[in-house]
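Letter by letter, the chains look like this.
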Amino acid sequence: MLSPRLIPVLLVRNKGLVKTVRFADEKYVGDPINAVRIFNEKEADEIMVLDIDATVEKREPDFKMIEHLAQECRMPFCYGGGIKTKEQALRILSLGVEKIAFSSAALDNPGLLRDVAEQVGNQSVVVVLDVKARKTLLGRKYECFVHNGKKNTKISPAEFAAKAAEYGVGELVINSIDNDGMMKGYDLKLINEVKSKCSIPVTAVGGAGTLEHVASLIAQEGLIGAAAGSMFVFKGKYRAVLINYPSNDEKKHLLTGLTGFTG
């Protein structure tokens, strides 16, 4: 039986791991290889590694780093950052990565998604939408941003979600910029708005600070990926750096609706 996945999201900058708050105020949290080893031991469901500067700096993915991470990883591994061509995507998959995450390239050139999906299958094609809410006269309007949240594409995440399957996308990751690093819970309205239009699996990220937040997401949306950064790299109210992940017993309690513990 399928169940929701709990997915650590690791952000890489200058070969080190960082964690941001609303895509700014970054804090160094360690070495990506060591983090992967710890998540191996804790039997994480899956892991996502995003190079947050590759696209902004207009450089290729760091294939050597990706290869080293893939060699260490004992769980499904999704990589994103700097991927602009089918050749780059195929090279990364050849290194042992299971999924490729596209962001700005997906919005600029959906045909690239189809090209990759036709060669390797939809299950390996992931799109990450970084979303921010903008106030309008009619209320809050969600729009997709690129380049680390600095460039507004004016694209609606729900409208993209409705077309995602046609583009060859196998999974959609919705990242709330407004909630990033706040550890106060997911933007449930955003996730519901997107998931109601989407015919493929959706993963939410941005805002989780406790397993109660994950439970609220699952209670609302059912079968969904629950991803987080801060929750899995910080511990306690002072945000001490500590790689952590819920035990199997904690996950069982979560999935049966028995909360009352924190991650």
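The model shown is predicted, which means the values in this text are computed figures rather than measured ones. (Residues numbered from 1 in each chain as written. Predicted model: local features only at pLDDT ≥ 70, side-chain atom pairs only at ≥ 80, totals over all residues. Heavy atoms only, no water.)

Some words on helix H3 (residues 86-94)
Argument step 1. Here H3 has its buried residues at Gln88, Ala89, Ile92 and Leu93. On an axial view of H3, the arc spanned by its buried residues comes to 135°, and they lie on one face. Relative to its buried face, H3 has exposed residues pointing more than 90 degrees away, namely Glu87 and Ser94.
Argument step 2. On the buried face of H3, the contacting elements are helix H2 (63-72), strand S5 (77-80), strand S6 (99-102) and helix H5 (110-120).
Argument step 3. Positioned one or two residues after H3, Gly96 has a phi angle of 110°, which is positive. (Buried < 20%, exposed > 50% of the residue type's maximum accessible area, 1.4 Å probe, protein only. Helix = DSSP H or I, 4+ residues; strand = E, 2+ residues; numbered from the N terminus. Arc of directions from axis to C-beta. Contact = heavy atoms within 4.5 Å.)

Some thoughts on the side chain of Asp51
Argument step 1. Within the element layout of this structure, Asp51 appears in strand S4 (residues 47-51).
Argument step 2. A distance of 3.2 Å separates the side chain of Asp51 from the backbone nitrogen of Ala54, its partner in a polar contact.
Argument step 3. Separated by 3.2 Å, the side chains of Asp51 and Arg59 make a polar contact.
Argument step 4. In this structure Asp51 touches Val12, Arg59, Tyr79, Gly80 and Gly81, once residues within four positions along its chain are discounted. (Polar contact = N/O pair within 3.5 Å; in protein donor to acceptor, adjacent residues only side chain to side chain.)

A word on the confidence of the model for the chain
Argument step 1. Mean pLDDT over the chain works out to 93, with 97% of the residues at or above the 70 mark.
Argument step 2. Counting interchain partners and residues more than four positions distant, the pLDDT-below-50 stretch residues 258-263 has 19 contacts. (pLDDT = per-residue confidence, 0-100.)

Description of the side chain of Glu143
Argument step 1. With respect to the element layout, Glu143 can be found in strand S8 (residues 139-146).
Argument step 2. Within the local environment of Glu143, its side chain forms a polar contact with the side chain of Asn152, the two groups lying 2.8 Å apart.
Argument step 3. Aside from chain neighbours lying at most four places away, what touches Glu143 is Asp130, Val131, Lys132, Arg134, Asn152, Lys154, Ile155 and Pro157.

Some remarks on the pairing of strand S2 (residues 16-21)
Argument step 1. Within S2, 5 of the 6 residues are buried, leaving the element largely enclosed by the surrounding structure.
Argument step 2. Where strand S1 (residues 5-13) meets S2, 3 bridges bridge the pair, whose relative direction is antiparallel. The residue bridging Leu11 from the neighbouring strand is Val18, located in S2.
Argument step 3. The antiparallel hairpin formed by S1 and S2 contains 2 residues in its connecting segment, where Asn14 sits at a positive phi of about 55°.
Argument step 4. Judged from the 4 bridges that link them, S2 and strand S3 (residues 24-30) form a sheet pairing that is antiparallel. Looking at the pairing, Val21 lines up with Ala24 of S3.
Argument step 5. As consecutive antiparallel partners, S2 and S3 are separated by 2 residues, and within that stretch Arg22 has a phi angle of approximately 55°, a positive value. (Pairing = 2+ DSSP bridges.)

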